[in-house]
Amino acid sequence: MRIIALYSPKGGVGKTAAAVNIAYLASQHNRATLLWDLDPQGAASFYLAGAERIKGRKLSKLLEGKSPLSEFIHEDVFPGLDFIPAHSSFRNFDIKLEHEQDANVLKQVLAPLSEDTSLVVLDCPPTLSRLTEQVLDIADHVYVPVMPTWLSLNSWNQLLEFVKNKKLGAKKLHPFFSMVDRRKNLHKELMARGPELLGNPMAVAIPYASVVERMGEEGLPLELLAPSSPAAEVYRKMWQSIRKDIGA
Ligand SMILES: Nc1ncnc2c1ncn2[C@@H]1O[C@H](COP(=O)(O)OP(=O)(O)OP(=O)(O)O)[C@@H](O)[C@H]1O
Ligand SMILES: [Mg+2]
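Reference entry: report on the structure contained in this document. (Residues numbered from 1 in each chain as written. Chains lettered and ligands numbered in written order. Predicted model: local features only at pLDDT ≥ 70, side-chain atom pairs only at ≥ 80, totals over all residues. Heavy atoms only, no water.)

1. Topic: the pattern of salt bridges
Which entries qualify depends on this criterion: Put simply, a salt bridge is a Lys or Arg side-chain nitrogen that is within 4 Å of an Asp or Glu carboxyl oxygen. A run of H or I in DSSP counts as a helix once it spans at least four residues, and a run of E counts as a strand once it spans at least two, with each numbered from the N terminus. Only protein chains enter the accessibility calculation, which uses a 1.4 Å probe. A residue is then buried if its area is under 20% of the maximum for its type, exposed if over 50%, and partly exposed in between.
What the rule picks out here adds up to 8 salt bridges. A salt bridge links Arg130 to Glu133, with the nearest nitrogen and oxygen atoms 3.6 Å apart. Linking Arg130 with Glu133, this pair stays in helix α6 (residues 130-138), spanning 3 residues, or about one helical turn. One exposure class covers both Arg130 and Glu133, and it is buried.

2. Here's the deal with the site of ligand 1
Inclusion rule: Throughout, the term near means that a residue has one or more heavy atoms lying within 4 Å of the molecule or strand in question. Polar contact criterion, stated in full: a pair of N or O atoms within 3.5 Å, where within protein one must be able to donate a hydrogen and the other to accept it, and residues adjacent in sequence count only if both atoms are side-chain atoms. Under the scheme applied, nonpolar residues are Ala, Val, Leu, Ile, Met, Phe, Trp, Tyr, Cys and Pro; charged residues are Asp, Glu, Lys and Arg; polar residues are all the others, including Gly.
Near ligand 1, the surroundings consist of 18 residues, among which Lys15, Thr16, Ala17, Pro207 and Ala209 are the closest. Note that an oxygen atom of ligand 1 is positioned 2.8 Å from one of the side-chain N or O atoms of Thr16. In terms of residue count, helix α1 (residues 15-28) provides more of the shell around ligand 1 than any other element does, 3 residues in total. Class assignment of the residues belonging to the shell around ligand 1 gives a composition of 10 nonpolar, 5 polar and 3 charged.

3. Brief notes about the packing of aromatic side chains
Keep this limit in mind: In summary, the pairing rule links any two rings of Phe, Tyr or Trp, Trp by its six-membered ring, whose centres are within 6.5 Å, and it sorts them by plane angle into stacked for under 30 degrees, edge-to-face for over 60 and tilted for everything else.
Scanning the model with the defined rule gives 1 aromatic pair in all. For the pair Tyr24 and Phe78, a centre-to-centre distance of 5.5 Å together with 85° between the ring planes defines the contact as edge-to-face. Note that Tyr24 is positioned in helix α1 and Phe78 in strand β3 (residues 74-78), a separation of 54 residues in sequence. Since its relative accessible area comes to 14%, Phe78 is described here as buried.

4. Description of the side chain of His141
Applicable threshold: We call two residues in contact when some of their heavy atoms are within 4.5 Å.
Mapped onto the secondary structure, His141 falls in strand β6 (residues 141-146). Taking relative accessible area as the criterion, His141 reaches 16% and is therefore assigned buried. A polar contact is formed between the side chain of His141 and the backbone oxygen of Asp245, at a distance of 3.1 Å. If we ignore the near neighbours within four places in the chain, the residues touching His141 are Ile3, Ile4, Ala5, Lys172, His174, Asp245 and Ile246.

5. Description of the pairing of β3
Quick note on the threshold: Two strands form a pair only when DSSP identifies at least two bridges running between them.
Judged from the 2 bridges that link them, β3 and strand β4 (residues 81-84) form a sheet pairing that is antiparallel. Its bridge partner being in β4, Phe78 is matched across the sheet by Leu81. Once β3 ends, the chain turns through 2 residues before running back antiparallel as β4, passing Gly80 with a positive phi of about 85°.

6. Remarks on the packing of α1 against helix α12 (residues 230-246)
Pairs of packed helices are described in terms of their axes, by the angle between the two and the distance that separates them. The condition is simple: Between N-to-C directions, angles cover 0 to 180 degrees, with each direction set by a line fitted to C-alpha atoms, over the stretch in contact for helices. Note on terminology: angles under 35 degrees are roughly parallel, angles over 145 are roughly antiparallel, angles of 65 to 115 are roughly perpendicular, and the others are oblique. Each crossing gets its hand from how the near helix is turned against the far one by less than a right angle, where anticlockwise is left-handed and clockwise is right-handed.
With their axes 10 Å apart at the nearest point, α1 and α12 run at an angle of 70° to one another. It follows that α1 is roughly perpendicular to α12 by the angle criterion. Relative to α12, α1 is oriented so that their crossing is right-handed. Here α1 contributes Ala17, Ala18, Asn21, Ile22, Leu25 and Ala26 to the contact with α12, which in turn contributes Tyr235, Arg236, Met238, Trp239 and Ile242. Its residues assigned to classes, the contact of α1 with α12 shows 9 nonpolar, 1 polar and 1 charged.

7. With respect to helix α10 (residues 210-218)
For clarity, the threshold we go by: The directions considered for the arc are those from the helix axis to the C-beta atoms.
Among the residues of α10, Val211, Val212 and Met215 are the ones counted as buried. What you see down the axis of α10 is that its buried residues fit within an arc of 105°, all on one side. Looking at α10, the residues exposed on the side facing more than 90 degrees away from the buried face are Ser210, Glu213 and Glu217. Just downstream of α10 lies Gly219, where phi reads positive at about 70°.

8. Some details on the packing of helix α4 (residues 91-99) against α6
Packing of α4 against α6 brings their axes to within 8 Å, and their N-to-C directions diverge by 75°. Here α6 runs roughly perpendicular to α4, going by the angle between their axes. On the side of α4, the interface is formed by Phe93, Asp94, Leu97 and Glu98, while α6 contributes Arg130, Leu131 and Gln134.

Pasting the structure below:
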């Protein structure tokens, strides 16, 4: 079982959109995939089938060890794609984790899945918390959307610093440009300086596209909503690149 995460400490940069699209593409390529929405705001549910259809369950029983993770999984929201929706109680994850400084609770709750699931995709909240520290620890690869703006680049540098300080393995971080509007001079300028500013960015850049926003309205991954759109093509390229990273 491989674990990947979509994460940035910056909000609204395209983590959830990428998590849903990549998880869907992985499931289409015969990987038994589990997407876990770790953000209490629950945006991934909207992208998948609308919040009405997929309701999360309170986490307390999971955290107390009374219910296994499998009881929280909605199987086959699309063929081959399982989903754990968020719940507002996910806020408490951090409180629980503060009490268990040494143990990686996330690793413990995911461990029983390893036989049935080949890829876990974690959609993370935009916080640098104990939870995200555990995500950064257990994930094999972490994909980090960076908008071509100075603020977003600043968040990237913060994350890099954090990962280095905590010795979590900076090599597992894969930054990629997200929500790129090539009509904007700043976007063009910063994209051209990608290797200098991000070290080794992925060779894909997600364009700013209204069709991505529509994913939330329609409750569909881009591959189903608009497979011939340029953005869908870029997500497919991104999946191919991730596939190599995870050895699939
Ligand atoms: N490539 C894109 N083009 C245009 N809009 C986008 C794109 N990607 C995401 N969006 C829109 O921007 C908003 C934020 O996207 P998304 O939820 O994926 O970001 P996020 O990083 O997960 O945010 P948060 O930090 O709140 O979890 C959403 O309204 C989404 O529809
Ligand atoms: Mg999100």
